[in-house]
Amino acid sequence: MSITESLSLALKNIVSSKVRTLLTMLGIIIGVAAVIVIVGLGSGLENYIADSFSSMGTNTLTVSVQARGATRTMEVEDMYQIVADHPGELDLCSPTVSMMGGVKIGTETTSTSVSGVSEDYSHIYGYTVAQGRGLQYSDIATRSKVCVVGAYVNQAYFGGKAVGQTLRVAGQALTIVGVLDQREDTMEEGGSDDCLYLPYSTAARLGGSRVSSYVVTMVDEDRIDQSKGVLESALRSFFGSDDYYTIITMSELLDTMTGMINILVGVLAGIAAISLVVGGIGIMNIMLVSVTERTREIGVRKSLGAKEGTIMEQFVMEAAVTSALGGLIGIALGYLLSAAATVVVARFMGEALTVAPTLFAVLMAFGISAGIGVLFGYLPAKKAARLNPIDALHYD
Amino acid sequence: MAALITFQNVCKYYHMGDSTVTAADHISFSIGAGEFTAIVGSSGSGKSTCMNIIGCLDVPSEGTYLLSGQDVGQMNKNQLAEIRNELLGFIFQQYNLLPKLNLLENVEVPLMYAGVPRGERRDRAHAALEQVGLGDKWRHRPMELSGGQQQRVSIARALVGNPSVILADEPTGALDSRTGREVLAMLQNLHRAGHTVVLITHDNSIAVQAQRIIRLEDGRVVYDGPADAPEAVVTPRAAGMRGGADA
């Protein structure tokens with residue numbers, strides 16, 4: 001008997017008891033769909049985070065200086081000098097001074113994020129000015145009491161006419177000289193459009209502290225290690241020790257996050273895969289019942305010349321086809337659920353996270369489900385093949 | 001006539017716990033090609049054991065069984081399956097058609113195991129169904145047919161592989177007397193057409209339809225001769241007790 005013949009025989013038997021087959025396949029269907037959705041969710045999350053990070057600039061190095069205890073103090077000019085000394089690797093530099101306490105606009109205090117930066121900051125992150133002007137070198141040099149605000153601040157507090165108005169940061173009145181272009185599709189409080197940038201020199205004076213954090217861009221994003229190494233050795237020779245600074249690259253952070261997501265997805269997919277094994281046991285159970293029910297058929301087939309291997313093939317094929325069919329239905333269900341999850345995430349969380357089933361997950365889920373059929377079909381098939389034809393013929 | 005089936009001192013023992021039951025006790029006979037033989041006996045006489053051995057479903061514990069000159073006792077399970085497929089056609093009391101297949105597919109089964117290609121298989125199965133007068137019903141399922149018709153399908157299935165021996169195990173046992181006679185007539189026709197038919201039955205009135213009777217009792221042959229001889233239908237024990245025929 002050829003493979004196609006045992007395949008059509010298996011399909012015939014499966015079709016003749018649809019409800020039972022469907023119930024048998026249920027475990028496999030759920031398992032495959034779950035694996036596909038979870039892995040799809042994981043890869044969607046990975047893409048989402050990668051996108052978010054790239055909007056934050058993957059070509060940047062973030063330097064923090066913990067000068068306490070060091071023999072030398074680092075001034076902003078020292079950092080600029082280091083960057084200027086390595087034109088082959090390092091490009092732009094901006095000190096960053098984060099200020100807590102929000103912004104006071106009229107009588108209202110907002111949770112707007114406030115950062116002191118240099119005139120290069122907008123080039124580093126690609127922010128563009130919609131109205132007025134950006135920060136300039138002269139603002140920094142003269143510690144001007146000016147600022148630029150994000151599109152949200154402009155819309156929400158100034159009705160779109162923020163340029164020329166004043167607000168207060170840490171008790172100091174600042175004049176708004178520019179409004180940035182909108183960066184997010186939907187603006188909201190606490191989002192990246194709810195921001196304010198002032199000269200770092202002004203911010204440092206208001207905060208009463210030395211500048212301790214810098215963002216530096218690399219000339220070539222693909223030479224992260226080299227660029228980071230250059231900066232590191234310059235800082236080490238400046239301080240005479242590597243205890244007083246840390247350098248973080250966005251891509252390292254991204255790698256760490258991705259690694260964590262992968263572990264999480266792996267664990268979840270593993271849990272989902274357990275249901276594949278449970279489904280396989282379900283198939284084995286039904287196949288054992290089926291062998292008992294069809295004892296007489298097996299006896300007849302044997303008396304008509306079926307060999308043990310042929311009977312074995314028939315039952316293994318039936319289990320494998322049942323399981324693989326369940327796998328296919330599970331894949332379809334997985335795609336459906338992924339599409340639904342994408343819509344749900346977009347609707348209720350407002351995030352553009354696409355749950356995309358990966359080809360690898362689909363192929364693996366199908367392969368495992370078919371393999372489980374063969375594995376768990378083996379025992380019942382062996383039982384069927386070993387039946388004594390005389391006993392089987394007289395079985396009622 | 002060349003001997004097709006040869007039993008030489010065939011014994012069969014079954015172990016039931018500690019005791020051993022002798023189901024066949026040095027049975028010897030031979031059946032030539034083209035004969036129509038009835039193996040007859042009451043239950044426990046050993047006729048089922050004989051039928052299982054002739055049908056290559058079982059092998060003798062002792063002695064030799066030659067089918068077409070091949071020693072079946074020495075064969076493994078796969079070889080026995082091949083022999084059953086090539087040399088034997090079974091007709092069962094309960095028909096034993098496969099309920100999920102239609103009549104044509106049922107008749108095709110032996111050819112499928114013989115590896116006959118699909119097209120040829122169809123043609124031969126159709127021809128066999130025509131032969132038993134059910135050619136137009138090939139699409140039906142066995143359950144849609146009467147008992148007599150189902151038995152005719154099983155005859156078609158037995159014939160389709162063109163076997164050397166047709167082995168009928170109580171073929172009329174589940175049928176009323178009229179359809180039973182029809183089935184017997186069909187077996188007689190097969191015999192006349194040159195087939196070797198072995199009929200296993202407990203019923204003397206059925207057995208006498210054959211050409212030759214082998215009567216078994218307690219695992220031994222007590223009569224082997226023409227069906228029309230008066231001794232053929234008389235068991236020695238019954239003759240001794242009542243002096244009459246056991247009809």
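See the structure above.
A short tour of the structure in this document, coming up. (Residues numbered from 1 in each chain as written. Chains lettered and ligands numbered in written order. Predicted model: local features only at pLDDT ≥ 70, side-chain atom pairs only at ≥ 80, totals over all residues. Heavy atoms only, no water.)

**Quick word on the overall build of chain A**
Move 1: Secondary structure assignment for chain A yields 13 helices and 13 strands.
Move 2: Dimensions along the principal axes, computed over C-alpha positions, put chain A at roughly 105 × 50 × 30 Å.
Move 3: Relative to all contacts within chain A whose residues are 6 or more apart in sequence, the contacts with residues 24 or more apart total 79%.
Move 4: About 18,800 Å² of surface is accessible on chain A, with carbon and sulfur atoms providing 60% of the total.
Move 5: Of the side-chain charges in chain A, 26 are positive and 37 negative, and the distance between the mean point of each set is 9 Å. (Helix = DSSP H or I, 4+ residues; strand = E, 2+ residues; numbered from the N terminus. Contact = heavy atoms within 4.5 Å. Areas by Shrake-Rupley, 256 points an atom, 1.4 Å probe, with all protein chains shown as cover. Lys, Arg positive; Asp, Glu negative; His and termini not counted. Charge placed at Lys NZ, Arg CZ, Asp CG, Glu CD.)

**A look at the sheet that holds strand S2 (residues 90-95) of chain A**
Residues and elements named next belong to chain A.
Move 1: Taken in spatial order, the four strands of this open sheet run S2-S12-S1-S13, and their pairing is antiparallel. With one partner strand each, in any of the chains shown, S2 and strand S13 (245-249) form the two edges of the open sheet. When the angles between neighbouring strand axes are averaged without regard to direction, this sheet yields 20 degrees.
Move 2: Note that S2 and strand S12 (residues 213-218) share four bridges and pair antiparallel. Paired with Leu90 across the bridge in S12 is Met218.
Move 3: Seen against the sheet, helix H3 (residues 76-85) touches strand S1 (60-65), S2 and S12 and runs at an angle of roughly 165 degrees to S2. (Pairing = 2+ DSSP bridges. Axes fitted to C-alpha atoms, helices over the stretch in contact; angles between N-to-C directions.)

**Quick notes on the pairing of S1 of chain A**
Move 1: In the sheet, S1 of chain A pairs with S12 of chain A via five bridges, with the strands oriented antiparallel. Note that in S12 of chain A the partner of Thr60 of chain A across the bridge is Thr217 of chain A.

**Some details on the packing of aromatic side chains**
Residues and elements named next belong to chain A.
Move 1: Counted by the stated rule, this structure contains 12 aromatic pairs over all chains.
Move 2: On the basis of an interplanar angle of 25 degrees and a centroid distance of 5.8 Å, the ring pair of Tyr125 and Tyr127 is categorised as stacked.
Move 3: When the ring of Phe239 is compared with that of Tyr244, the centres are 5.9 Å apart and the planes differ by 50 degrees; the resulting orientation is tilted. Assigned by exposure class, Phe239 and Tyr244 land together as buried.
Move 4: In this structure an aromatic cluster arises from ring pairing among Tyr121, Tyr125, Tyr127 and Tyr197. (Phe/Tyr/Trp six-rings, centres within 6.5 Å; stacked < 30°, edge-to-face > 60°. Buried < 20%, exposed > 50% of the residue type's maximum accessible area, 1.4 Å probe, protein only.)

**Brief notes about the side chain of Ser154 of chain B**
Move 1: Relative to the helices and strands, Ser154 of chain B resides in helix H5 (residues 147-160).
Move 2: Residues contacting Ser154 of chain B, with those up to four places away along its chain left out, are Phe90, Ile91, Tyr95 and Leu97 of chain B.

**A look at the pairing of strand S6 (residues 113-117) of chain A**
Residue and element names in this part refer to chain A.
Move 1: Summarising burial for S6: four of the five residues are buried, a large majority.
Move 2: Of the strand pairs in this sheet, strand S3 (residues 97-99) and S6 are connected by three bridges, and their pairing is antiparallel. Residue pairing for S6: Met99 is matched across the bridge by Val114.
Move 3: Where S6 lies against strand S11 (residues 195-199), five bridges are found, and the strand directions are parallel. When the sheet's bridge partners are listed, Val114 is paired in S11 with Leu196.

**Focus on the environment of Leu11 of chain A**
Move 1: Position of Leu11 of chain A relative to the elements: it lies in helix H1 (residues 3-16).
Move 2: Leu11 of chain A sits in the partly exposed class, given a relative accessible area of 36%.

**Digging into the interface of chain B and chain A**
Move 1: Taken together, the contacts link 24 residues of chain B with 22 residues of chain A.
Move 2: For the pair chain B and chain A, the summed buried area comes to about 2,200 Å², and 57% of that belongs to carbon and sulfur atoms.
Move 3: Our count for the chain B to chain A interface comes out at four salt bridges.
Move 4: One salt bridge in this structure joins Lys307 of chain A and Glu82 of chain B, with 2.6 Å as the shortest N-O distance.
Move 5: Summed over the shared surface of chain B and chain A, the result is nine residue pairs in polar contact (both at pLDDT 80 or more).
Move 6: For the side of chain B that touches chain A, the elements supplying multiple residues, two or more each, are helix H2 (77-87), helix H3 (103-114) and helix H4 (118-131) of chain B.
Move 7: Considering only residue class, the side of chain B that touches chain A consists of 10 nonpolar, five polar and nine charged. (Buried area = accessible area lost by both parts, 1.4 Å probe. Salt bridge = Lys/Arg side-chain N within 4 Å of Asp/Glu carboxyl O. Polar contact = N/O pair within 3.5 Å; in protein donor to acceptor, adjacent residues only side chain to side chain. Nonpolar A, V, L, I, M, F, W, Y, C, P; charged D, E, K, R; others polar.)

**Structural notes on the state of the cysteines**
Move 1: Scanning the entire structure with this criterion turns up zero disulfides over all chains.
Move 2: Among the cysteines around Cys11 of chain B, which has no disulfide bond, Cys50 of chain B carries the closest sulfur, lying 11 Å off. (Disulfide = S-S within 2.5 Å.)

**A word on the nonpolar core**
Move 1: Ranked by internal contacts, the top residues of the largest apolar core, which has 63 residues, are Ile5, Phe7, Phe29, Ile54, Tyr65, Leu67 and Val198 of chain B.
Move 2: Sort the elements by how many residues they give to this core and helix H12 (residues 359-386) of chain A lands first, with seven residues.
Move 3: Beyond its immediate stretch of four places on either side in the chain, Leu67 of chain B contacts Leu4, Ile5, Cys56, Val72, Ile83, Leu87, Leu88 and Val165 of chain B. (Core = buried A, V, L, I, M, F, W, Y, C linked by side-chain atoms within 4.5 Å.)

**Some remarks on the sheet that holds strand S5 (residues 70-71) of chain B**
Strands in a sheet are paired, the pairing made by backbone hydrogen bonds, and the direction either parallel or antiparallel.
Residue and element names in this part refer to chain B.
Move 1: In spatial order, the strands read S2-S1-S4-S5; together these four strands make up an open sheet with antiparallel pairing. In the strand order of this sheet, the two ends are held by strand S2 (19-32) and S5, each with one partner.
Move 2: Across two bridges, strand S4 (residues 62-67) lies against S5 in antiparallel orientation. Note that in S5 the partner of Leu66 across the bridge is Asp71.
Move 3: Each of strand S1 (3-16), S2 and S4 is contacted by helix H1 (residues 47-54), which is oriented at about 120 degrees to S1, the strand it contacts most.

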